[in-house]
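For reference, the chains in residue letters:
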Amino acid sequence: MPGEGLLATCVEWPGEAGALALLDAGFQRLKDRLDMERLNDVGRALASEQDLDKLLDLILVQARRLLSAEAGSIYLVVGEGAGRELLFAHTQNARLSLPYHRFRMPLSVSSMAGFVASTGQCLNIQDVYRIPEDAPYRFNDSFDIRAGYRTVSMLCVPLQDTEGEILGVLQLINRMDEDEEGRVVVPFLTEHVHLAQSLAGQAGVAVRNAGLRHDIENLFESFVNASVLAIEQRDPVTSGHSGRVASLTVGLADAVSRTPNGPYAAVVFTDRQIREIRYASLLHDFGKVGVREQVLVKAKKLEPTRLEMVLQRIRQRQEERTRLQLQQDWEAGRPYDAARWQALLLEFEAEANHLIALVVQANEPSVLPKEVMGDLDRLGDLTFTHWNGQADGVVTETDLAALRIPKGSLSDEERTEIESHVTHTFRFLQQIPWTKDLAGVPEIAFAHHERLNARGYPRRLGDADIPIQSKAMAIADVFDALTAQDRPYKAAVPLDRSLGILETDAKSGHLDSELLRLFIEAKVYERTAS
């Protein structure tokens, strides 16, 4: 009868056989409808899971529930062409709870899973110990022997995608039913084969989608690693910095998720959010590719070639003073006086050595002492003879301005250029078509130099506008800059002192004090600190 398989009254009695037939038909329709609803529920569940390992577990759970199977396994086809193999990927057993490990086996018709994967045919075996001799496949009883288990009925169906490619095999074991003696093993029926094929079709599509997502994630991972390599090759001095910052930031995010109290008690980062944080941390300095190399790798105030030129001019000026004094003596007719000349040479050399030491000291990126700052004024008045015969300054105004930098090695203009790397990073990351769960990568990286007191850069954001992920990265970034042992222009700051500096920054409103507390209490710093 048309409709949803509901029973209907008959105007005339159809007879006992007809009544039974109508009853059976109605029952079958109801059963088909329920199976279809269950399949739809399974399809929705499979579509919502994108992690391959969790997906395989879910497929087995739903398949066993749908077909009343006591146990089951999933094999995946791996490799290409003649090198294809079967990967024993997942298994479940309601009776036994035994550890298992993944292994690969040849893709051969001699095994039941291999036969199904090779031919695309289903296998429905009532008793695996009574397989006909002429069958090309055999049952491997090694698991039964080791576990004390008894496999009886088995159903194997191929996992196929929408294009018909076989991705693996769904294997269901020991269909269970109830009788007077309790639960017993019974064979899988034809209707179960059809049901398993429908489920396997949905599972195949889900596995394919999960595989594609996995491929995309691998692509992103490779891209991120290549980008980090590009950064480190551009600035070898900070090699390893991005990886260490990522490790510290992820560790701090994990600590936040485990904290049941405090301002961030309600914050729990998912696995996808942790991956987003990791990518943002790895790429936070990528914008340095847009900064001039001579500024990016500038360890001292003067570039080595420029420093060498200034020092050489000072030494040349010393020789010129000697020659000038000698010429004056000749013109005045003074006789040679060895003692006087020895004293003059020592005086000229001492003055040159003093000036050289002054330049070398001022060239260091450490805090410039006031007395050194005053002595630098003398340099502006010193001249030497240029190759063209003209008098020229030993130092240029640009050189003198660089040597007068009170702290660090960068001028205000150079520091602004360095700070622009954050904006370069954001603009670069914005061009990438990130997946929905990674869409926050650009913004997280963009805010890692912002400070709670609105004195950071480049946007001068305040506390409320800075993402918590960026606040965590800021702590990791400063800590690694302090403790890094591979910076040629400064020594690594000891751990205790570094943590003290971070606490001072937190008190002054630069860093988040609660996140820093978690950073210290959870000993996140141990991820990178030696």
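Every value quoted in this text rests on a predicted model; they were computed, and no experiment measured them. (Residues numbered from 1 in each chain as written. Predicted model: local features only at pLDDT ≥ 70, side-chain atom pairs only at ≥ 80, totals over all residues. Heavy atoms only, no water.)

### Topic: the overall build of the protein
The helix and strand inventory of the protein stands at 18 helices and 9 strands. What you see for the protein is a C-alpha radius of gyration of 39 Å, clearly larger than the 24 Å of a compact globule of 530 residues, by over 25%. A principal-axis box enclosing the C-alpha atoms of the protein has dimensions of 150 × 50 × 40 Å. Buried positions account for 43% of the 530 residues belonging to the protein. (Helix = DSSP H or I, 4+ residues; strand = E, 2+ residues; numbered from the N terminus. Rg over C-alpha atoms; globule rule 2.2 N^0.38 Å. Buried < 20%, exposed > 50% of the residue type's maximum accessible area, 1.4 Å probe, protein only.)

### Some points on the nonpolar core
Counting 46 residues, the largest nonpolar core has Trp434, Leu502, Leu515 and Phe519 as the members making the most contacts within it. Residue assignment for this core shows that the elements contributing at least two residues are α5 (190-234), α6 (241-258), α7 (271-282), α15 (441-446), α16 (468-483), α17 (495-507) and α18 (513-521). Ranked by residues supplied to this core, first place goes to α16 with 9 residues. Not counting residues within four places of it along the chain, the set of residues in contact with Leu515 comprises Leu252, Val256, Tyr264, Ile468, Lys471, Ala472 and Ile475. If you look at the next biggest cluster of nonpolar residues, it comprises 29 residues, including Leu55, Leu56, Leu155 and Ala206. (Core = buried A, V, L, I, M, F, W, Y, C linked by side-chain atoms within 4.5 Å. Contact = heavy atoms within 4.5 Å.)

### Examining the environment of Val116
If you trace the backbone, Val116 turns up in helix α3 (residues 112-119). Along the sequence, Val116 and Asp235 sit 119 residues apart, while their C-alpha atoms lie 54 Å from each other. Apart from the residues lying within four places of it in its own chain, the contact partners of Val116 are Gln121, Leu123, Cys156, Val157, Pro158, Ile166 and Val169.

### Remarks on the pattern of salt bridges
Going through the model one piece at a time under the given rule, you end up with 26 salt bridges. The closest approach of N and O atoms between Arg334 and Asp329, which form a salt bridge, is 2.7 Å. With a relative accessible area of 44%, Arg334 lands in the partly exposed category. When salt bridges that share partners are traced, they join Arg317, Arg321, Glu351 and Arg378 into one network. (Salt bridge = Lys/Arg side-chain N within 4 Å of Asp/Glu carboxyl O.)

### Focus on unusual backbone geometry
Leaving glycine aside, a negative phi is the common case for residues, and trans is the common case for peptide bonds. For the bond from Tyr457 to Pro458, the omega torsion is 10°, close enough to zero to count as cis. With respect to the helices, strands and loops of the structure, Pro458 is situated in the loop between α15 and α16. Residue Arg460 is not a glycine yet carries a positive backbone phi of 55°. Look at Lys523: it is not a glycine, yet its phi comes out positive at around 55°. The exposure class assigned to Lys523 is partly exposed, which follows from its relative accessible area of 45%.

### Focus: the side chain of Glu450
Along the chain, the position of Glu450 falls in the loop between α15 and α16. A distance of 3.1 Å separates a polar side-chain atom of Glu450 from the backbone nitrogen of Arg460. (Polar contact = N/O pair within 3.5 Å; in protein donor to acceptor, adjacent residues only side chain to side chain.)

### Remarks on the packing of aromatic side chains
Scanning the model with the defined rule gives 12 aromatic pairs in all. Centroid distance Phe286 to Phe428: 4.0 Å. Interplanar angle 25°. Geometry classified as stacked. Taken together, the residues Phe286 in the loop between α7 and α8 (293-296) and Phe428 in helix α14 (residues 421-430) connect sequence positions 142 residues apart. (Phe/Tyr/Trp six-rings, centres within 6.5 Å; stacked < 30°, edge-to-face > 60°.)

### Digging into α6
Its 18 residues place the ends of α6 26 Å apart at the C-alpha level, agreeing with the 26 Å of an ideal helix rising 1.5 Å per residue. Taken together, the buried positions of α6 are occupied by His241, Ser242, Val245, Ala246, Leu248, Thr249, Val250, Gly251, Leu252, Ala253, Ala255 and Val256. As for α6, its buried residues are in contact with α5, α7, α16 and α18. (Expected span 1.5 Å × (residues − 1).)

### Some words on the packing of α6 against α18
One way to put it is that α6 packs onto α18 with a least axis distance of 9 Å and a crossing angle of 100°. Relative to α18, the element α6 lies roughly perpendicular. Here Leu248, Leu252 and Val256 of α6 come into contact with α18, specifically with Leu515, Leu518 and Phe519. When the residues that make up the contact of α6 with α18 are grouped by side-chain class, the tally is 6 nonpolar, no polar and no charged. (Axes fitted to C-alpha atoms, helices over the stretch in contact; angles between N-to-C directions. Parallel < 35°, antiparallel > 145°, perpendicular 65-115°, else oblique. Nonpolar A, V, L, I, M, F, W, Y, C, P; charged D, E, K, R; others polar.)

### Digging into the packing of helix α10 (residues 338-362) against helix α11 (residues 370-379)
α11 packs onto α10 with a crossing angle of 125° between their chain directions and a minimal axis gap of 10 Å. When the axes of α10 and α11 are compared, the pair comes out oblique. The element α10 and its partner α11 pack so that their crossing is left-handed. In contact with Glu351, His354, Leu355, Leu358, Val359, Gln361 and Ala362 of α10, α11 contributes Val372, Asp375, Leu376, Arg378 and Leu379. Tallied by class, the residues present in the contact of α10 with α11 amount to 7 nonpolar, 2 polar and 3 charged. (Left-handed = near helix turned anticlockwise from the far one by under 90°.)

### Re the pairing of strand β2 (residues 85-93)
Summarising burial for β2: 7 of the 9 residues are buried, a large majority. Bridge count for strand β1 (residues 69-78) against β2 is 8 bridges, and the pairing is antiparallel. Looking across to β2, one finds that Leu76 is bridged to Leu87. What sits between the antiparallel neighbours β1 and β2 is a turn of 6 residues, in which Gly79 has the positive phi angle 90°. Strand direction decides the pairing type here: β2 and strand β3 (residues 103-106), joined by 4 bridges, are antiparallel. Directly across from Leu86, in β3, lies its bridge partner Met105. (Pairing = 2+ DSSP bridges.)

### Details of the environment of Asn140
If you trace the backbone, Asn140 turns up in the loop between β4 (123-125) and α4 (142-147). Along the chain, Asn140 and Asp285 lie 145 residues apart, while their C-alpha atoms are 55 Å from each other.

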